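# Survey of secondary and tertiary structure
The lines below spell out each chain.
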Amino acid sequence: MSTVTSADGTTIGFDAYGNGRPLILIDGATAHRAVNPTNAQVGELLSDDFRTYVYDRRGRGESTDTAPYAIQREIEDLGALIEDAGQPAILFGWSSGCLLALDAAAAGLPIAGLVLFEPPVVVDDVRPPLPSDYVEQLDAFVAEGRRDKAAELFMTAAAGMPAEAVAGMKQSPYWAPLEEIAHTIAYDGRIMGTTMSGNPLPTDRWADVKVPVLVLYGDQTWPALSAGAQAVGSMLATATVRAIPGENHSTEASTLAPVLREFADLT
């Protein structure tokens, strides 16, 4: 593992694969290197042409954390990784990591392009919106030491899983690591803001994004997310939207890596 130090002193742990153009992979809510092997697999597949950064977002895995949280702190984390790379990077985001990538580009970081896989955007009524006090509920559960309830809220309200399915998950090896980083779920809630409210996206949040953007979604995903990908693509003048055959809210490294390579060749 390597590390960079963010502007507020937070240590960000990462692994880098290969040499070449920098590519930074940004996890969505709850994921990090210890539980998501796909990013490392992508890095291995692209190691001939890219230096792929696979990092733990603050508060997860081997990265530290510094209170109070602000979205700007995570933008600074990305800035530290790009500084380590020494040249503008392509950012790839999973789910809420897409929105962080967009925020980083809008903030003016040296970014060559963005690839976004299923941003958590709900602009219609095909599924219930997030509760308006979602972040406040998450913060309260964590403050009370009830990380299990924060994880449950994420799984039911954000991920849309039935409560009975979540009850079964509690008996699996997946649950303990989820509780461990449950305090960071509210970070992604802040990054999402109103994007899962069922209302149109704000027109000003990413108005300054001028780099090429590729928005991806699986053609077998939930209807809300395919509509959300189209909504993100339609509001960005530099964006292209593309469906990935046979995929849902995830995909395999062997499918993703060629798409990233193709995008980089065009930027």
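Conventions used here
Residues numbered from 1 in each chain as written. Predicted model: local features only at pLDDT ≥ 70, side-chain atom pairs only at ≥ 80, totals over all residues. Heavy atoms only, no water. Helix = DSSP H or I, 4+ residues; strand = E, 2+ residues; numbered from the N terminus. Rg over C-alpha atoms; globule rule 2.2 N^0.38 Å. Buried < 20%, exposed > 50% of the residue type's maximum accessible area, 1.4 Å probe, protein only. Contact = heavy atoms within 4.5 Å. Areas by Shrake-Rupley, 256 points an atom, 1.4 Å probe, with all protein chains shown as cover. Lys, Arg positive; Asp, Glu negative; His and termini not counted. Charge placed at Lys NZ, Arg CZ, Asp CG, Glu CD. Phe/Tyr/Trp six-rings, centres within 6.5 Å; stacked < 30°, edge-to-face > 60°. Axes fitted to C-alpha atoms, helices over the stretch in contact; angles between N-to-C directions. Parallel < 35°, antiparallel > 145°, perpendicular 65-115°, else oblique. Left-handed = near helix turned anticlockwise from the far one by under 90°. Salt bridge = Lys/Arg side-chain N within 4 Å of Asp/Glu carboxyl O. Core = buried A, V, L, I, M, F, W, Y, C linked by side-chain atoms within 4.5 Å. Pairing = 2+ DSSP bridges. Right-handed = clockwise from strand over helix to strand, strands pointing away.

### Some thoughts on the overall build of the protein chain
Scanning the protein chain from N- to C-terminus turns up ten helices and eight strands. By the compact-globule yardstick of 18 Å for 267 residues, the protein chain fits well, its C-alpha radius of gyration being 17 Å. Considered along the principal axes of its C-alpha atoms, the protein chain spans approximately 45 × 40 × 35 Å. In the protein chain, which comprises 267 residues, the proportion classed as buried is 51%. For the protein chain, restricting intrachain contacts to residue pairs at least 6 apart in sequence, the fraction spanning at least 24 positions comes to 76%. Within the structure as shown, the protein chain displays about 11,100 Å² of accessible surface, and the carbon and sulfur contribution to it stands at 52%. Averaging the locations of the 17 positively and 35 negatively charged side chains of the protein chain gives two centres separated by 2 Å.

### Re the packing of aromatic side chains
The geometry of an aromatic ring pair is captured by the separation of the ring centres together with the interplanar angle, meaning the angle of the planes. Evaluation of the coordinates by the stated rule reveals four aromatic pairs. With a centroid separation of 3.9 Å and 5° between ring planes, the pair formed by tyrosine 69 and tyrosine 187 is classed as stacked. Placement of tyrosine 69 in the loop between β4 (50–55) and α2 (71–85) and of tyrosine 187 in helix α8 (residues 185–192) is noted, with a sequence separation of 118 residues between them. We note that tyrosine 69, like tyrosine 187, is buried. The interplanar angle of 90° and the centroid separation of 5.0 Å between the aromatic rings of phenylalanine 92 and tryptophan 94 together place this pair among those described as edge-to-face. On the basis of relative accessibility, which here comes to 0%, the residue phenylalanine 92 falls in the buried class. One aromatic cluster in this structure is built from Phe92, Trp94 and Phe117.

### Things to note about the packing of helix α3 (residues 96–106) against α8
Their axes nearest at 9 Å, the elements α3 and α8 cross at an angle of 55°. What the angle tells us is that α3 and α8 run oblique. Of the two possible hands of crossing, α3 and α8 adopt the one that is left-handed. Of the residues in α8, those in contact with Ser96, Leu99, Leu100 and Asp103 of α3 are Asp188, Ile191 and Met192.

### Focus: the pattern of salt bridges
All told, the structure shown has 18 salt bridges when counted by the stated rule. With its nearest N and O atoms 4.0 Å apart, the salt bridge here joins aspartate 84 to arginine 51. Placement of aspartate 84 in helix α2 and of arginine 51 in strand β4 is noted, with a sequence separation of 33 residues between them. Between glutamate 74 and arginine 57 there is a salt bridge, with its nearest N and O atoms 2.8 Å apart. With glutamate 74 in helix α2 and arginine 57 in the loop between β4 and α2, this residue pair connects regions lying 17 residues apart in the sequence. Glutamate 74 sits in the buried class, given a relative accessible area of 1%. With a relative accessible area of 2%, arginine 57 lands in the buried category. Each member of the salt-bridge network shares a partner with another, and the members are Asp15, Arg33, Asp56 and Glu62.

### A word on the nonpolar core
Side chains of a nonpolar character, in soluble globular proteins, are inclined to be buried together. Within the largest apolar cluster, 66 residues are counted, with the highest numbers of intra-cluster contacts made by Ile24, Leu91, Leu114 and Tyr134. Within the second largest apolar cluster, 22 residues are counted, among which are Leu25, Leu46, Phe50 and Ala264.

### A few points about the pairing of strand β1 (residues 2–5)
One ladder, built from four bridges, connects β1 with strand β2 (residues 11–17); its direction is antiparallel. Residue pairing in the sheet places serine 2 in a bridge with phenylalanine 14 of β2. A loop of five residues connects β1 with β2, the two strands running antiparallel in sequence, and glycine 9 in this loop sits at a positive phi of about 95°.

### As for the sheet that holds strand β5 (residues 89–94)
Taking strand neighbours across the sheet as the criterion, the eight strands line up as β1-β2-β4-β3-β5-β6-β7-β8 in an open arrangement whose pairing is mixed. Two strands in the sheet have a free side with no partner beyond their single neighbour: β1 and β8 (239–244). In this sheet, adjacent strand axes meet at a mean angle of 25° when their direction is disregarded. Relative to strand β6 (residues 111–117), α3 is tilted by about 160°, and along the sheet it contacts β3 (21–26), β4, β5 and β6.

### Quick notes on the side chain of serine 95
In this fold, serine 95 is placed in the loop between β5 and α3. Taking relative accessible area as the criterion, serine 95 reaches 18% and is therefore assigned buried. Non-local contacts of serine 95, meaning those with residues more than four positions away in its chain, are made with Phe117, Glu118, Pro119, Pro120 and His249.

### Thoughts on the pairing of β6
Burial analysis of β6 places six of its seven residues in the buried class, which makes it a mostly covered element. Handedness of the crossover joining β5 and β6 through α3 is recorded here as right-handed. Note that β6 and strand β7 (residues 213–218) share four bridges and pair parallel. The residue of β7 that forms the bridge with phenylalanine 117 is leucine 216.

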